[in-house]
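Chain and residue survey
Listed below, chain by chain, are the residues.
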Amino acid sequence: MRYRDDASVDTGNVRDQRGGGGGGGRGLALGGGGLGIVGVLVVILFQVLGGGSGGSGLGASLDGLQGGQVAGTGDLAASCSTGADANADVGCAVAADVESVQDYWGGVLGSGYAPADTVFFTGSVQTACGAASSGSGPFYCPGDQLVYLDLSFFDDLQSRFGAEGGAFVNAYVVAHEYGHHVQNLVGTAATVQPGETGPESGSVRLELQADCYAGTWADHATTVPDDSGAPLISDITEDDVSRALDTAARIGDDYLQTNLGDGSADPGSYTHGSSEQRQRWFLTGYRSGDPSQCDTFAATDLG
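Report follows, based on the coordinates.

What counts and what doesn't
Position numbers for residues start from 1 in each chain and track the written sequence from start to end. pLDDT decides what is reported in this predicted model: residues at 70 or higher carry local features, side-chain atom pairs at 80 or more are listed and counted, and totals for whole chains, interfaces and linings draw on all residues regardless. Only heavy atoms go into the side-chain values, all of them from the structure, while hydrogens and water stay out. A run of H or I in DSSP counts as a helix once it spans at least four residues, and a run of E counts as a strand once it spans at least two, with each numbered from the N terminus. In this scheme, a residue with accessible area under 20% of its type's maximum is buried, one over 50% is exposed, and one in between is partly exposed, where area comes from a 1.4 Å probe on protein chains only. By the convention used here, residues are in contact when the closest approach between their heavy atoms is within 4.5 Å. Each accessible area is a Shrake-Rupley result for a 1.4 Å probe, and residues are judged covered by the shown protein chains and nothing else. The definition used for a disulfide is geometric: two cysteine sulfur atoms within 2.5 Å. Note on pairing: DSSP must find at least two bridges between two strands before they are called paired. Note on method: axes are straight lines fitted to C-alpha atoms, helices fitted across the in-contact stretch only, with angles between N-to-C directions ranging 0 to 180 degrees.

With that settled, consider the overall build of the protein chain. Within the protein chain, the regular secondary structure consists of nine helices and eight strands. By residue count, 52% of the 303 residues in the protein chain fall in the buried class. Considering only contacts in the protein chain between residues 6 or more positions apart, those separated by 24 or more positions represent 75%. Approximately 11,000 Å² of the protein chain is accessible, and the part contributed by carbon and sulfur atoms is 48%.

We now examine the state of the cysteines. Cysteine pairs can be covalently joined through their sulfur atoms, and such a bond is termed a disulfide. Going through the model one piece at a time under the given rule, you end up with three disulfides. Put simply, C80 and C92 are joined by a disulfide, and their sulfur atoms are 2.0 Å apart. Handedness of the C80-C92 disulfide follows from its S-S torsion of about -65 degrees: it is left-handed. With C80 in the loop between helix 1 (73-79) and helix 2 (83-88) and C92 in helix 3 (residues 90-109), the pair connects residues that are twelve residues apart, well separated along the chain. Across the pair, exposure class does not vary: C80 and C92 are buried alike. Paired through a disulfide, C129 and C141 show a sulfur-sulfur distance of 2.1 Å. When the S-S torsion is 100 degrees, as for the bridge of C129 with C141, the disulfide is right-handed. Of the two residues, C129 sits in the loop between strand 4 (124-127) and strand 5 (130-133) while C141 sits in strand 6 (residues 139-141), which places them twelve residues apart along the sequence. With a relative accessible area of 5%, C129 lands in the buried category. By sequence order of its bonded cysteines, the protein chain has the disulfide arrangement 1-2, 3-4, 5-6.

On to the sheet that holds strand 6. The pairing of strands in a sheet comes from backbone hydrogen bonds and takes either a parallel or an antiparallel form. Within the open sheet, the four strands sit side by side as 2-3-7-6. Their pairing is mixed. Every interior strand has two partners, whereas the edge strands, strand 2 (14-16) and strand 6, have only one. Each strand axis lies, on average, 25 degrees off the axis of its neighbour in the sheet, ignoring direction. Strands in contact with helix 3 are strand 2, strand 3 (118-120) and strand 7 (146-149); relative to strand 3, the strand with the most contacts, it is inclined by about 170 degrees.

Note that all results are geometric; they support no functional claim without further evidence.
Right under this line is the structure:
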C-alpha cells in the first residue's frame, strides 16, 4: 500500500502522548483485535489480547523524546504533512490511516458519525476504561471514544506472531479499532453482554464485524480523498491483501491458543473468532465494500 506522495495528511485526530498519559476512571474497552496474550477474555480492559514491547517511532524529529515528555499534535503535524511522509514513517502512515478510515465512515454514516481521536502512547496510559500497558495491544475505549495504540505493536506482530506485516496490515489494525467505534456509535456494542465467550458468542460476533468493517474501508480506500479531493491512498495490491489475511490467521483464537498458549484450542473460551472466521469476514467486507453485509449478529454461519 502506498500513499500519494503529494497528498495532504491531516494529523488533527491523532494525539501523541508517548511518555505521558491521560484520562481516568473505569469502563469497558473493546477490541485489541485479538492481537496478543492467549487465554484471556478481551472485553474488560485488563483482559484485552495485546502485543508486547518493541521499538517504533514517528520519525527523527520525535526520536529524542524521553520518558515523561509528550509530543503534541503540533509536533506531529510538522513531521507528518504529506503522503511522502506517510510512505517513509510508520507513525505518519497511521495518522494517514486514521484520516482515511474516518473520512470513509463519515461518508457512510453522514451526520451519524462522530470522529474519534487515536492516542499514541508508550509503556502505559490512563483511559476512561482504566489503566493499560503496551501489552494491552491496540484498543478502543467507549468511555472516552478514543483509540489507543503503542506503535511498537506493529513490530511485535512480526517478531512475536510471525506475521508478514506491512503498511496495509497496520491500516487493517487501525480500521478494525475504528470498526469498534462505529459499533459504539450505532449501538451494536451495547447489545453484547461483557464477558461472553464461545464460537457463537456476542463477543466473537462483535470482533468479526469489526474485521468486516475494516474490509469495507479497504475496498474503498483508494477512492477516499484527502482535502484536495484526490485519493489519499494511491494503491492497494494483492500482496497487501494477502498480508492482511496472513495477520488475520495469526490473531485467530485457535491459532493464538495453539501456538502461543498451551498447545490446544478451547472454542468455549473464544472471544475474537477463529483464524478462518477472521479471514472470512475481512474478505466479506473487502469483496462487497458494503457494511450491510457485515451483520455477523444475523449470520447463522460465522464460518
